[in-house]
Amino acid sequence: MKIRDYAMISLGLPNLDYYLKHGPYQTDRLTVRSFKLYADGALGSRGACLRKPYADRPETTGFLLLSPAELERVLKQLAGSGFQANTHCIGDSANHLILDLYGKMLKGKNNRRWRIEHAQVVSPGDVWKFNRYSVIPSVQPTHATSDMYWAGDRLGSIRVKGAYAFRDLMKQNGFIAFGSDFPVEAVNPLFGFHSATARQDANNFPAGGYQPENAVDRKSALLAMTRWAAYANFEDHLRGSIAPDKQADFVVLDQDLMKAPAPKLRQTKVLQTWVGGERVY
Ligand SMILES: [Zn+2]
């Protein structure tokens with residue numbers, strides 16, 4: 001295997017029992033030390049769990065995929081193990097519930113690096129909990145520019161301001177982790193770099209960016225895809241930056257991401273890819 005994989009175990013009884021018994025698994029290329037839990041569904045299909053009804057379907061608030069009692073039971077088991085909990089939360093109700101359950105398990109500042117995956121719609125009154133309980137928002141910037149055409153319909157004009165709020169989330173702990181969410185979104189991480197910084201789609205729409213107050217500056221976006229992402233995987237001592245004693249994992253690009261004009265960012269070409277000092281592309 002030429003790439004490195006930080007795999008999350010899908011929650012299910014055989015998996016949970018097996019890994020709680022055997023503990024995390026680590027090789028040079030494969031790390032298994034986290035569980036992915038699903039609190040709710042997706043916003044587009046109105047499966048995200050909201051605190052108040054959908055603006056475009058007032059008879060529903062969406063739903064949780066596991067009951068609060070089940071989620072609490074599993075998180076309690078993970079809290080007593082060496083595993084990291086990474087919970088998919090889209091709606092503001094799912095984020096509210098999981099932030100409070102994380103808080104109940106973690107109590108205060110800690111180094112467990114538990115994450116909320118997506119953290120897509122977060123109530124203004126809940127955002128501070130990311131800092132209080134050292135929770136890492138792990139977000140996928142292209143969600144903002146893929147969903148922007150209809151997110152306001154689902155959420156209404158006020159609630160949508162707390163959606164895809166990557167800058168607000170980043171400010172809580174001073175960092176954030178970015179991912180691509182492939183295969184839901186395109187695999188190219190540079191599309192996410194453009195989405196996060198310009199808040200525009202591939203056609204540079206809309207002019208000025210979507211909810212541009214939550215755009216992330218370019219240096220932070222690069223860190224969110226490298227050093228901060230490595231931190232979110234407990235790998236910051238090994239990779240995420242080019243430094244002595246770190247593994248030589250890096251790419252060579254055909255243009256400087258800090259200087260290229262925004263409309264050119266998605267055309268960035270990867271010239272070389274190196275993993276552990278070996279050129280693999
Ligand atoms: Zn997810």
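Definitions and cut-offs
- Residues numbered from 1 in each chain as written.
- Predicted model: local features only at pLDDT ≥ 70, side-chain atom pairs only at ≥ 80, totals over all residues.
- Heavy atoms only, no water.
- Helix = DSSP H or I, 4+ residues; strand = E, 2+ residues; numbered from the N terminus.
- Axes fitted to C-alpha atoms, helices over the stretch in contact; angles between N-to-C directions.
- Left-handed = near helix turned anticlockwise from the far one by under 90°.
- Contact = heavy atoms within 4.5 Å.
- Nonpolar A, V, L, I, M, F, W, Y, C, P; charged D, E, K, R; others polar.
- Pairing = 2+ DSSP bridges.
- Salt bridge = Lys/Arg side-chain N within 4 Å of Asp/Glu carboxyl O.
- Buried < 20%, exposed > 50% of the residue type's maximum accessible area, 1.4 Å probe, protein only.
- Donors = N, O, S within 2.8 Å, 3.2 Å for Na, K, Ca; no water.
- Disulfide = S-S within 2.5 Å.

Let's talk about unusual backbone geometry
- A cis amide bond links Phe182 with the next residue in sequence, Pro183, at an omega value of 10 degrees.
- A cis amide bond, omega -5 degrees, links Phe205 with the succeeding residue Pro206.
- Along the chain, Pro206 turns up in the loop between α8 (189-198) and α9 (218-225).
- Positive phi values are uncommon outside glycine, yet Phe234 reaches one of about 60 degrees.
- Relative to the helices and strands, Phe234 resides in the loop between α10 (227-232) and β8 (250-253).

Considering the packing of α8 against α9
- Look at α8 against α9: their axes get within 10 Å of each other, and the N-to-C directions meet at 145 degrees. The interaxial crossing formed by α8 with α9 has right-handed handedness. Facing Pro189, Leu190, Phe193 and Thr197 of α8, the residues of α9 in contact are Arg218, Ala221, Leu222 and Met225.
- Of the residues belonging to the contact of α8 with α9, the class tally is six nonpolar, one polar and one charged.

Structural notes on the sheet that holds strand β10 (residues 278-279)
- Read across the sheet, three strands follow the order β8-β9-β10 without closing on themselves; strand pairing throughout is antiparallel. Here the strands that pair on one side only, and so sit at the sheet edges, are β8 and β10.

Overview of the pattern of salt bridges
- This model, assessed by the stated rule, comprises 17 salt bridges.
- Of the charged contacts, one joins Arg51 and Asp126 as a salt bridge, the two residues approaching to 3.6 Å between their closest N and O atoms. With a gap of 75 residues between them, Arg51 in the loop between β3 (30-38) and α2 (68-79) and Asp126 in the loop between β5 (115-117) and α4 (129-132) connect regions that are remote in the sequence.
- Since its relative accessible area comes to 44%, Arg51 is described here as partly exposed.
- Looking at Asp126, the relative accessible area reads 2%, which means it is buried.
- Residues Asp236 and Arg113 are paired through a salt bridge, measuring 2.9 Å at the closest nitrogen-oxygen approach. Of the two residues, Asp236 sits in the loop between α10 and β8 while Arg113 sits in the loop between α3 (92-106) and β5, which places them 123 residues apart along the sequence.

Structural notes on the coordination of the zinc ion
- Around the zinc ion, the donor atoms from the protein are Lys36 (NZ), His88 (ND1) and His118 (NE2), and they sit 2.1 to 2.5 Å away.
- Counting the intervening residues between successive donors of the zinc ion yields the motif K-x51-H-x29-H. Taken together, the residues span a long stretch of sequence, with Lys36 in strand β3 and His118 in the loop between β5 and α4 at a distance of 82 residues.
- Of the residues examined, Lys36 reaches a relative accessible area of 14% and is grouped as buried.

Concerning the side chain of Arg239
- Its place among the elements puts Arg239 in the loop between α10 and β8.
- Residue classification places Arg239 among the buried positions, given a relative accessible area of 9%.
- Contacts of Arg239, omitting those with residues within four sequence positions, involve Arg4, Ala230, Lys246, Gln247 and Asp249.

Structural notes on the state of the cysteines
- In the structure shown here, the tally under the stated rule is zero disulfides.
- Left without a disulfide partner, Cys49 is nearest to the cysteine sulfur of Cys89, which lies 9.9 Å away.

A word on the environment of Phe191
- Structurally, Phe191 is set in helix α8.
- Distance from Phe191 to Thr31, taken between C-alpha atoms, is 26 Å for residues 160 residues apart in sequence.
- The residues touching Phe191, leaving out its near neighbours within four places in the chain, are Thr142, Ala186 and Arg266.

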